[in-house]
Amino acid sequence: MRKPRISVLTVAGLLALGITRPARAQASGDGFLFHRPNARLALRGGYAVASAGSDLFQFTTEQLTLNKRDFSGLSFGGSIGIAASDQLDVTLDAGFSRSSKASEFRNLVDNNRLPIQQNTSFQRVPLTVNLKYYLSPPGQSIGTAAWIPARVTPWVGGGAGMMWYRFHQDGDFVDFNTNNVFSSTFDSSDWAPVAQGMLGADFTLTPMIAFTTEARYVYGKGKLSRDFGGFDKIDLSGASASVGLSFRL
């Protein structure tokens, strides 16, 4: 689990260096910017925990050698924020998380007393519009020609949008009416409305770049395809924590 996280931060760091060097002469001075930022671009990576609270997850974890934590995984995302005022941004946000786990039936084997095996994957891609409010001024204007960023700026936010999800299973399964083992693929994907709340903090590294940390919770439920007939809506909710870089534009 550690290697992907190091990779995300390394790539983000290289990107920061590439963006900063050519732009610094035009946009920043010695510890300040020549104007208040009009926008912010943020890139992040972390871990997303799926709530996995609906009956589909309950059935899957009861029958197969899976646990709720197996539906959680690494997450990546980014946002672009447009300044509406000194302490308020309107942001467009996109994220991605995925889990994939091999399993077998807990209490059943085939005619050769071999495990009945399959693979289950769960993907979530939220697209949201949010309001992001800085709890303290993110910087201070000095006259009309300079803007000095604050060292630390905590913030809160919230918004709504749509999430694309996919729940996919393929392998061998059991017909509980006949106890026959058969190979098949079960798949459900769709868009669903979601809402989310966020909080975090930005730590200034250079006039143009800040290290950002955040936690968020997304709430949503989605319709299932006919492959999963008889189940309630799938639970798309979950919490996530991430770190990344924010670029003042």
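Residue positions are given per chain, counted from 1 along the sequence in the order it is written. The predicted origin of the model limits local features to residues at a pLDDT of at least 70 and limits the giving and counting of side-chain atom pairs to 80 or more, whereas totals for whole chains, interfaces and linings rest on all residues. Excluding hydrogens and water, the side-chain figures rest on all heavy atoms present in the structure.

1. Observations regarding the overall build of the protein chain
Heads up, the condition is: Note on conventions: DSSP H or I runs of at least 4 residues are helices, E runs of at least 2 residues are strands, and numbering of each starts at the N terminus. With a 1.4 Å probe rolled over the protein chains alone, any residue whose accessible area is under 20% of its type maximum counts as buried; one over 50% counts as exposed, and the rest are partly exposed. Contacts are assigned to residue pairs with any non-hydrogen atoms lying within 4.5 Å of each other. Methods summary: accessible areas were calculated by the Shrake-Rupley approach with a probe of 1.4 Å, and residue burial reflects only the protein chains presented.
Summing up its helical and strand segments, the protein chain has two helices and eleven strands in all. Listed by position from the N terminus, the elements making up the protein chain come as α-β-α-β-β-β-β-β-β-β-β-β-β. With 249 residues in all, the protein chain has 41% of them scored as buried. Restricting to contacts in the protein chain with at least 6 residues of sequence separation, those with at least 24 account for 70%. Taken as a whole, the protein chain presents about 13,200 Å² of accessible surface, with 57% of it coming from carbon and sulfur.

2. What about the side chain of S246?
Turning to its location among the elements, S246 is positioned in strand 11 (residues 238-248). Among all residues touching S246, those that are not within four sequence positions of it are R40, L41, A42, M208, I209, A210 and T212.

3. Digging into the layout of surface pockets
Cut-off, in case you're wondering: Every definition here rests on a 1 Å grid over the protein atoms only: cavities are sets of points where a 1.4 Å probe fits but cannot get out, pockets are open sets enclosed by protein on both sides within 12 Å along at least five of seven lines, and lining residues have some atom within 4 Å of a point. Grid points are joined across faces, edges and corners, and a volume is the space filled by probe spheres set on the points. Three categories are distinguished: nonpolar for Ala, Val, Leu, Ile, Met, Phe, Trp, Tyr, Cys and Pro, charged for Asp, Glu, Lys and Arg, and polar for the others, with Gly belonging to the last.
The space that makes up the largest pocket amounts to roughly 290 Å³. At the level of secondary structure, the elements contributing two or more residues to the lining of the largest pocket comprise helix 2 (55-63), strand 7 (152-175) and strand 8 (180-204). With four residues, helix 2 is the single largest residue contributor to the lining of the largest pocket. Tallied by class, residues from the lining of the largest pocket come to eleven nonpolar, four polar and one charged.

4. Regarding the confidence of the model for the protein chain
Here is the rule: For every residue, the predictor reports its confidence as pLDDT, a number between 0 and 100.
Across the protein chain, pLDDT averages 90, with 88% of residues at or above 70. A low-confidence stretch, residues 1-26 stays under pLDDT 50, and its non-local contacts, those more than four residues away or across chains, total 22 contacts.

5. Describing the environment of F34
Its place among the elements puts F34 in the loop between helix 1 (2-27) and strand 1 (39-50). When the C-alpha positions of F34 and A145 are compared, they lie 5.4 Å apart, and in sequence the two are 111 residues distant.

6. Brief notes about the packing of aromatic side chains
The line we're drawing: When two rings of Phe, Tyr or Trp (its six-membered ring) have centres within 6.5 Å they constitute a pair, described as stacked for plane angles under 30 degrees, edge-to-face for angles over 60, and tilted for the intermediate range. A ring has a charge above it when a Lys NZ or an Arg CZ is no more than 6 Å from the ring centre and no more than 35 degrees off the ring normal.
Taken as a whole and judged by the stated rule, the model has twelve aromatic pairs. Judged by centre distance (6.1 Å) and plane angle (50°), the rings of F186 and F228 are tilted. Taken together, the positions of F186 in strand 8 and F228 in the loop between strand 9 (209-222) and strand 10 (234-235) put the pair 42 residues apart, joining distant regions of the chain. For the pair shown, F186 and F228 are each scored as buried. Among the aromatic residues, those joined into a ring-pair cluster are F57, F71, F122, F167, F173, F182, F186 and F228. When the ring centre of W155 is taken as origin, the NZ or CZ atom of K132, which lies over that ring, is 4.3 Å away.

7. Topic: helix 2
Every α-helical turn comprises 3.6 residues, leaving residues that sit three or four positions apart pointing alike. Keep this limit in mind: Within this analysis, the arc is defined by the directions that extend from the helix axis to the C-beta atoms.
Listed in full, the buried residues belonging to helix 2 are L56, F57, T60 and T61. For helix 2, the angular spread of buried residues about the axis comes to 125°, placing them on one side. Buried residues belonging to helix 2 abut strand 3 (88-109), strand 4 (115-134), strand 7 and strand 10.

8. Describing the pattern of salt bridges
What counts is decided by this rule: A pairing counts as a salt bridge when a side-chain nitrogen of Lys or Arg comes within 4 Å of a carboxyl oxygen of Asp or Glu.
On inspection of all chains with the given rule, the structure shows seven salt bridges. Salt-bridge contacts for R44 lead to E214; the nearest nitrogen and oxygen are separated by 3.7 Å. Here E214 lies in strand 9 and R44 lies in strand 1, a separation of 170 residues in the sequence. For R44, a relative accessible area of 15% gives the class buried.

9. Describing the pairing of strand 3
Test applied: The criterion for strand pairing is that DSSP finds at least two bridges linking the strands in question.
Two strands pair when backbone bridges link them, and strand 2 (residues 73-85) and strand 3 are joined in this way by ten bridges, in the antiparallel orientation. Each residue of the ladder has a partner; that of G77, found in strand 3, is G95. The loop that links strand 2 with its antiparallel partner strand 3 comprises two residues. Here 16 bridges tie strand 3 to strand 4, and the two strands are oriented antiparallel to one another. Note on strand 4: the bridge partner recorded for S100 is S121. In this structure, the hairpin formed by strand 3 and strand 4 is closed by a connection of five residues, where R113 is found at a positive phi of approximately 60°.

10. Quick word on the nonpolar core
Worth spelling out the cut-off: What is meant by a nonpolar core is a set of buried Ala, Val, Leu, Ile, Met, Phe, Trp, Tyr and Cys residues, joined one to another through side-chain atoms within 4.5 Å.
Core analysis: the biggest nonpolar cluster contains 23 residues, and F57, F71, F122, Y165, F167, I234 and L236 have the highest contact counts within it. With five residues, strand 7 is the single largest residue contributor to this core. When residues no more than four places from it in sequence are discounted, the contact partners of Y165 are F122, Q123, S188, S189, D190, G222, K223, L224, I234 and L236. Of all hydrophobic cores here, the second largest spans six residues; its members include W147, M208, I209 and L245.

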